[in-house]
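# Close look at the chain arrangement
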Amino acid sequence: MRKTLTIIMLVILLVCVFAGCVKQSNESDNDKSDSNGTSPATTEISTEFETTTEVSLLSDNCDKVLASGMDSDGNYYELVGNEEQDAFGANIEIGVIKNNKWSIPLTNKSPFIGDDGWLYGRNGNYKGSIFEEEYFSGQFGYIGNGCFCYGYSSAILLNGNNSKSFNCMTDLGENVSVNIYDFTDTSYMGDGLGPLVVNEDGKVLLNSFDNVYLLDTTTMKATKINIEAKSTLDESKLHPFSDGLFAYVPSGTEVKINERGFYNAKGKRVIDLSGYTFANDITYRSEYKHINSFVFIDGKCDLYVDNGSGAIYRVTIDKTGNVLSQEPYEE
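### Concerning the sheet that holds strand β2 (residues 76–86)
Spatially, 4 strands are ordered β1-β2-β3-β4 in an open sheet, and the strand pairing comes out antiparallel. Since the sheet does not close on itself, it has two edges, and those belong to β1 (64–70) and β4 (101–107), each with one partner. Looking at each pair of strands side by side, their axes are set apart by 10 degrees on average, direction ignored. Of the pairings in the sheet, the one linking β2 to strand β3 (residues 89–98) comprises 10 bridges and is antiparallel in character. Across the sheet, residue Glu83 finds its bridge partner in β3, namely Ile92.

Structural data, given as structure tokens:
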């Protein structure tokens, strides 16, 4: 009997020792898990409570973003508008947002809005809503230097930094066109404008049949340029001001061809282009209609010329007219 009792007590003692070891092992593992921060429970909780922060854009609270773009310093501009209509007309407000902060708060006194509360129409005609893409809101564009342009002929321009504006019709007293080049698809702004970009020097060329002006889009002051070209100006052959120069590339008579070249802000020809036959001179080759932009970017300009046999070459020149490179061009 005593032997049996001894065996039972020994079994109980072994069970207790084993249970204590298991508990100590579990506590040790938990301590290690806690110290490393890798316990399944901790991971599950942190995953469950993950959150993301979304940035609220001011333009999301406006009826329409009319145009947008970035300047050379990386500042992002948005021209925005709100509009309400009733039986008596419209109340339109337009403002400028710079880097998601108001640069020009919404106002119904914007230069783009007429005395009747509507957007100016083409050449001062028609009443416009910001939602009429074809005739009104579709004619807004960003043109660099924090500025926006509305329209092409008789355009209105607004500086989004200082609120200064320029109305080609009222400030010059004549119907002039704005030479703004779209570098994104190498075509002039016109009907169906598309995104507008000019070189970031803050200058825009304005021209009519008889006069050429250079507009400083920071001060919104226009200076007349007395161009050396002796024949009547062909306004469609004047190209945008870029890197301190603009090209005049007329076609037709031999006299006009001899006046081809790049001119500076004083109207003096500094690069003679009369010796080139440009790809878009060849009228039967419609695929080259807009291939030549005639603009300098970072001191270089690419010219696309026909060598006389129908082969097109891309010739790169510097601002003195020297040829830097030439190579066959294939689209």
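### Regarding the side chain of Ser242
Relative to the assigned elements, Ser242 resides in the loop between β16 (221–225) and β17 (245–248). Only 2.4 Å separates the side chain of Ser242 from the backbone oxygen of Phe296, close enough to count as a polar contact.

### A few points about the pattern of salt bridges
Under the defined criterion, the tally for this structure stands at 3 salt bridges. A salt bridge links Arg314 to Glu327; the shortest N-O distance between them is 2.6 Å. On the criterion of sequence distance, the pair formed by Arg314 in strand β21 (residues 312–318) and Glu327 in strand β22 (residues 323–328) is long-range, its members being 13 residues apart. According to the relative accessible area criterion, Arg314 is partly exposed, its value standing at 23%. What makes Glu327 partly exposed here is its relative accessible area of 36%.

### Overview of the sheet that holds strand β19 (residues 269–272)
Sheet architecture is open: 3 strands sit in the order β17-β18-β19, paired in antiparallel fashion. Edge strands, defined here as strands with exactly one partner in the open sheet, are β17 and β19. Along the sheet, successive strands turn relative to each other by an average axial angle of 30 degrees, direction set aside. Two elements, strand β18 (residues 261–264) and β19, share 3 bridges in a ladder whose sense is antiparallel. From the neighbouring strand, Tyr263 faces β19, where its bridge partner is Arg269.

### Concerning the state of the cysteines
Considering all chains together, one arrives at 0 disulfides under this definition. Cysteine Cys168 shares no disulfide, and the gap to the nearest cysteine sulfur, in Cys149, comes to 7.2 Å. A relative accessible area of 0% places Cys168 in the buried class.

### Section: the packing of aromatic side chains
Evaluated as defined, the whole model comprises 11 aromatic pairs. Taking 5.1 Å as the distance between ring centres and 80 degrees as the angle between the ring planes, the aromatic pair formed by Phe112 and Phe140 counts as edge-to-face. Here the residue Phe112 occupies a position in the loop between β4 and β5 (119–120), and Phe140 occupies one in strand β7 (residues 140–144), the gap between them amounting to 28 residues. A single burial state applies to Phe112 and to Phe140, both of which are buried. Considering the side-chain rings of Tyr276 and Phe278, the 5.7 Å spacing of their centres and the 20 degrees angle between planes classify their relative orientation as stacked. The exposure class of Phe278 is buried, given its relative accessible area of 0%. Members of the aromatic cluster, each reached through a chain of ring pairs, are Tyr77, Tyr142 and Phe148.

### Quick look at the environment of Asn82
Counting through the fold element by element, Asn82 comes out in strand β2. Under the relative-accessibility criterion, Asn82 is labelled buried at 17%. A C-alpha to C-alpha distance of 9.0 Å links Asn82 and Gly95, two positions 13 residues apart in sequence. Beyond its immediate sequence surroundings of up to four residues, Asn82 is in contact with Asn61, Cys62, Asp63, Asn91, Ile92, Glu93, Leu106 and Ile130. Reaching out from Asn82, the side chain makes a polar contact with the backbone nitrogen of Asp63 at a distance of 2.7 Å.

Reading the values: the criteria
Residues numbered from 1 in each chain as written. Predicted model: local features only at pLDDT ≥ 70, side-chain atom pairs only at ≥ 80, totals over all residues. Heavy atoms only, no water. Pairing = 2+ DSSP bridges. Helix = DSSP H or I, 4+ residues; strand = E, 2+ residues; numbered from the N terminus. Axes fitted to C-alpha atoms, helices over the stretch in contact; angles between N-to-C directions. Polar contact = N/O pair within 3.5 Å; in protein donor to acceptor, adjacent residues only side chain to side chain. Salt bridge = Lys/Arg side-chain N within 4 Å of Asp/Glu carboxyl O. Buried < 20%, exposed > 50% of the residue type's maximum accessible area, 1.4 Å probe, protein only. Disulfide = S-S within 2.5 Å. Phe/Tyr/Trp six-rings, centres within 6.5 Å; stacked < 30°, edge-to-face > 60°. Contact = heavy atoms within 4.5 Å.

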